Amino acid sequence: MKEPIYLDHAATTPMHEEVIDAVSTCMRETFGNPSSIHQYGRQSRRLLDEARRTLANSIHAKEKDVYFTSGGTEADNLAVIGTALANRDKGNHIITSKVEHHAVLHAAEYLETIGFDVTYLPVDENGIVDVSTVASHLRDDTILVSVMMVNNEVGAIQPIREIGQLLNEHQAYFHTDAVQAYGLLPIDVTDLMVDLLTVSAHKINGPKGVGFLYSQPAVSVQPHLFGGSQERLKRPGTEALPLIKGMEKAVSLFKNDLAKEYEAYRTLFLDQLNTLGVKYSINGNLENASPAIVNLSFDGMNVESLLMNFDLEGIAASSGSACTAGSIESSHVLSAMYEQNDERLNSAIRFSFGLANNEGQIKEAAKRIANVISRLQ
Amino acid sequence: MIYFDNSSTTKPLQEVAESFQTVSEQYYGNTSSAHQFGLDAEKLLRKSSQQAGQLLGVGEDEIIFTSGGTEGNNLAIKGVALAYQNRGKHVITTAIEHPSVLESVRSLEALGFEVTVLPVGESGVLDVDAVSDALREDTILVSVMHVNNELGTIQPIKAIGQLLKNRAHTFFHVDMVQSFGKIDLSLNDCSVDLATISGHKIHGIKGTGLLFARKGIRLFPLFHGGGQQNDRRSGTENLGGIVSLVKAMRVMTEQKMHHPDHFRNLNHLMRIELESMDHVIINTMNDQADHILNFSIPHFKPEVVLHALEKRNIFVSTKSACASKKEEESPVLKAIGLPRNRTTSSIRVSFSYQNTEGEVELFTRALKKVIQELNKVMG
């Protein structure tokens, strides 16, 4: 069997070995409950505070504005539903985009069922939200705008800073799901003027089951879970210290040139496909996208047979968000970008690069893909 | 080091840490991905559900993996309440539940639910007749913990289950966080519909847990998103955490089988010693859960005792870690009607399978000295 090549880092990433060590060390050495008042508890509390500081620094925020969650989905739900419920007295209108992750989209749909009015903004053919459409849909009773920083299917970078500026004088709070951007794009919450920001650890070579929500102090958020007084009441439950330490380690391993490294993979990948004569079109544009994600449509092909054949060749790629998987339905992101009958909807595959890759693999992957395509033609 | 605070949290077992490590290294795929990495991960997830189901005597499709006890309790309570509110809006619980149950139930009041919080009386044990009296036509949920986290009292789960068994519209939730692996509870014999387990109380990893939800029960999800776990709990599954949780459950179950008298022996030994001490009053009644023993040393600040023991490398707690900072009085001891000098001076000892009789002897000797010294200081 051929060596499997993992090109699905946008779905999840392998844990960095130093992250696994950090989790294991914490389990072995610091098992106290951070709420306990004895030395074991205090030591855990110290490590927890330390992690909070590292994570806050990574987005130029204050420690006390970082709330640990069980991952991106919980953080998105807390941001969208929690903010909506806590600010209902100020209005009933929420704006988001058609290309959000399902954790935001389905949270917004839930809000509709309980009487909120939600606007789902369209995107252009590159998957990008136009700031002017945000402006034109903004109403006096808008209380929340949620737009992701980097789209998980096509990598499109959204104009977060511009939307932040637009909302600066408006009552609406601004949430961004930064799950796919974190670690690759610089994030400064003050500069971006975001009020809430979601991060997930397992997309940055950290552990699954942990993430955080940044929420600036003026935002009132109704908690989703009820219980003890952890996370300043916004998120009760004994803090998952080993996972949090793993996330901290993953963040401390961020490198400035990571984006460049992945961009080099992407360039090499596309060059190789070109050299091998593979016909494809790029969904989205490369200039304004995450370097780690490229979404390609292969003329005249069909997603299911592509994925199956890629998998047989040991190429792990995806038809879109892993979270919609099980059923291969056409991507809500591409559907928002293209006309209903666009050919590209039927043959789109997402490749996403990361820690599991090296140059040799990228070349080998292109070769195997070329083989599959020529066989299927 | 003598760690007698196992109801706050436990040290992960080496096997648990190793499971986490192995899965993290070898199965990093997303269980929802359609390729080999995803399929391998999905297979392992499925196996974990099967094993967890076996250990609990229930089906694999009745297991929902969560981020811990708080989420499990919230999901059970809010999940049932919101899914079945058209049938009724009345919920019953007890005054000594964990905050994650009590606060969840109270949050329902804002949504128009009526909540009956049953007192437990001096024994700390719920009277089944009180449940029976509180039941109404529109009662959709009864939530009662198996073992109380501060006092160690065991609630009559089987009798409550019998009472609710023939009521198709009333679900029964049991918070098993403090009892799993220590006190037997058959989910089937007791007609339990939902049960919460937390990983870090059974030597698993913090941030892991599961909710048992009997087949056919609809749960309104806490989190909306990718629809993982049959649409009941969105969010990428923490596979390493899940496998390690099941490992911890298995080890606890085995320990229980091999050392059925372990906690009884420790409890018995400690009781004899404590009963002989002048200033100590035991709060936990006889014949309750043996792994938790609560006592008061009236007129002594429990924090002072705790720190004095800590200097001797012994670790106990004053009350539930989740309630540590809020109030001076233990809400649980208050609920069973103890006088203020006992509710403000309680110490909780909680054992694990790793604790020994030797440790109990060292502890009681140390406690005697601490009391002597503090007596001197206070003159």
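Rules and cut-offs
- Residue numbers restart at each chain and count upward from 1, following the sequence in its written direction.
- As a convention, the first chain written is A and the first ligand written is 1, with the rest following in written order.
- Thresholds applied to this predicted model are a pLDDT of at least 70 for local features of residues and 80 or more for the giving and counting of side-chain atom pairs; totals over whole chains, interfaces and linings are not thresholded and use all residues.
- As a rule here, side-chain values cover all heavy atoms of the structure and leave hydrogens and water aside.
- Two residues qualify as a contact provided that any one of their heavy atoms is within 4.5 Å of a heavy atom in the partner residue.
- We define buried area as the total accessible area lost by two parts upon association, computed with a 1.4 Å probe and summed across both.
- One speaks of a salt bridge when a side-chain nitrogen belonging to Lys or Arg is within 4 Å of a carboxyl oxygen belonging to Asp or Glu.
- A pair of aromatic rings is counted whenever rings of Phe, Tyr or Trp (Trp by its six-membered ring) have centres within 6.5 Å, and the orientation is called stacked for planes under 30 degrees apart, edge-to-face for over 60 and tilted otherwise.
- Under the DSSP-based scheme used, a helix requires at least four consecutive residues in state H or I and a strand at least two consecutive residues in state E, with every element numbered from the N terminus.
- Relative accessibility under 20% of the residue-type maximum defines a buried residue, over 50% an exposed one, and the middle range a partly exposed one, all with a 1.4 Å probe and only protein chains included.
- Should DSSP find at least two bridges between two strands, the strands are regarded as paired.
- A clockwise path from the first strand over the helix to the second, with the strands pointing away from the viewer, defines a right-handed crossover.
- For every element, the axis is a line fit to its C-alpha atoms; helices are fit only across the contacting stretch, and the angle between N-to-C directions ranges from 0 to 180 degrees.
- Just so you know how the angles are binned, under 35 degrees is roughly parallel, over 145 roughly antiparallel, 65 to 115 roughly perpendicular, and the rest oblique.
- Each residue is assigned to one class: nonpolar for Ala, Val, Leu, Ile, Met, Phe, Trp, Tyr, Cys and Pro, charged for Asp, Glu, Lys and Arg, and polar for all the others, Gly among them.
- Detection works on a 1 Å grid of protein atoms alone, calling trapped sets that fit a 1.4 Å probe cavities and calling open sets with protein on both sides within 12 Å along at least five of seven lines pockets, with lining residues defined by an atom within 4 Å of a point.
- Grid points are joined across faces, edges and corners, and a volume is the space filled by probe spheres set on the points.
- Under the convention used throughout, the expected extent of a helix is 1.5 Å for every residue step, that is, one less than its residue count.

Caption draft 1: Just the interface of chain B and chain A, in detail. Listed as interface residues are 63 residues of chain B and, on the opposing side, 62 residues of chain A. Counting each side, the surface lost to burial between chain B and chain A is near 5,000 Å², with a carbon and sulfur contribution of 65%. It is Tyr-28, Lys-206 and His-224 of chain B that lose the most area in chain B upon contact with chain A, and together they represent 14% of the buried surface on that side. For the pair chain B and chain A, the interface holds 1 salt bridge. In this structure, Arg-42 of chain A and Glu-310 of chain B form a salt bridge, with 3.1 Å as the shortest nitrogen-oxygen distance.

Caption draft 2: Region of the structure containing the packing of aromatic side chains. For the structure on display, the rule yields 21 aromatic pairs over all chains. Look at Tyr-6 of chain A and Tyr-28 of chain B: their rings are 5.0 Å apart centre to centre, the planes differ by 85°, and that puts the pair in the edge-to-face class. Here Tyr-6 of chain A is found in strand E1 (residues 5-6), whereas its partner Tyr-28 of chain B is found in the loop between helix H1 (14-26) and helix H2 (36-56) on a different chain. Side by side, Tyr-6 of chain A and Tyr-28 of chain B carry an identical accessibility label, which is buried. On the basis of an interplanar angle of 75° and a centroid distance of 6.2 Å, the ring pair of Phe-298 of chain A and Phe-310 of chain A is categorised as edge-to-face. In this pair, Phe-298 of chain A is assigned in the loop between strand E10 (293-297) and helix H10 (303-312) and Phe-310 of chain A in helix H10, connecting sequence segments 12 residues apart. On the basis of relative accessibility, which here comes to 1%, the residue Phe-298 of chain A falls in the buried class. Residue Phe-310 of chain A is classed as buried on the basis of its relative accessible area, which comes to 0%.

Caption draft 3: Spotlight on the pairing of strand E5 (residues 142-146) of chain A. Residues and elements named next belong to chain A. Burial within E5 is extensive, with 5 of its 5 residues counted as buried. One ladder, built from 3 bridges, connects E5 with strand E6 (residues 173-177); its direction is parallel. If you follow Leu-144 over to E6, its bridge partner there is Tyr-173. Considered for its hand, the β-α-β crossover made up of E5, helix H6 (residues 160-167) and E6 is right-handed.

Caption draft 4: Structural view of the packing of helix H1 (residues 17-29) of chain A against H1 of chain B. Where H1 of chain A meets H1 of chain B, the closest approach of the two axes is 10 Å, and the angle between their N-to-C directions is 170°. One element, H1 of chain A, and the other, H1 of chain B, form an angle in the roughly antiparallel class. Residue-level contacts link Ile-20, Val-23, Ser-24 and Met-27 of chain A of H1 of chain A to Ala-17, Phe-20, Gln-21, Ser-24 and Glu-25 of chain B of H1 of chain B. Here the residues of the contact of H1 of chain A with H1 of chain B sort into 5 nonpolar, 3 polar and 1 charged.

Caption draft 5: Quick look at the pattern of salt bridges. All names here are of chain B. In the structure shown here, the tally under the stated rule is 34 salt bridges over all chains. The closest approach of N and O atoms between Asp-184 and Lys-256, which form a salt bridge, is 3.2 Å. Placement of the pair is Asp-184 in the loop between strand E6 (171-175) and strand E7 (194-198) and Lys-256 in helix H8 (residues 239-258), with a sequence separation of 72 residues. The closest approach of N and O atoms between Arg-312 and Glu-373, which form a salt bridge, is 2.9 Å. Taken together, the positions of Arg-312 in the loop between helix H10 (302-311) and strand E11 (314-315) and Glu-373 in helix H13 (residues 357-378) put the pair 61 residues apart, joining distant regions of the chain. Several salt bridges converge on common partners, so that one network encompasses Glu-328, Glu-329, Lys-334 and Arg-340.

Caption draft 6: A look at the sheet that holds E7 of chain B. Residue and element names in this part refer to chain B. Overall, mixed pairing links the 7 strands, which are arranged E2-E8-E7-E6-E5-E3-E4 in an open sheet. Across the chains shown, the open sheet's two edge strands, defined by having one partner strand only, are strand E2 (63-66) and strand E4 (114-118). Taking each pair of neighbouring strands and ignoring which way they run, the sheet shows an average axis angle of 20°. Where E2 meets strand E8 (residues 209-213), 4 bridges bridge the pair, whose relative direction is antiparallel. Its bridge partner being in E8, Thr-66 is matched across the sheet by Gly-209. Contacting strand E3 (90-94), E4, strand E5 (139-143) and E6, helix H4 (residues 99-109) crosses the sheet at an angle of about 155° to E3.

Caption draft 7: Here's a closer look at the layout of surface pockets. If you add up the space inside the second largest pocket, you get close to 490 Å³. Taken together, 20 residues make up the lining of the second largest pocket; nearest its centre are Leu-85, Tyr-110 and Gln-222 of chain A together with Leu-82 and Leu-111 of chain B. Residue contributions to the lining of the second largest pocket peak at 3 residues, all from helix H3 (residues 72-86) of chain A. Of the residues assigned to the lining of the second largest pocket, the class counts are 12 nonpolar, 6 polar and 2 charged.

Caption draft 8: The arrangement of H1 of chain A in detail. Taking 1.5 Å per residue, 13 residues should reach 18 Å; H1 of chain A reaches 18 Å between its end C-alpha atoms and fits that length. Buried within H1 of chain A we find Val-19, Ile-20, Ala-22, Val-23, Ser-24, Cys-26 and Met-27 of chain A. At its buried positions, H1 of chain A is contacted by helix H8 (241-252) of chain A together with H1 of chain B.

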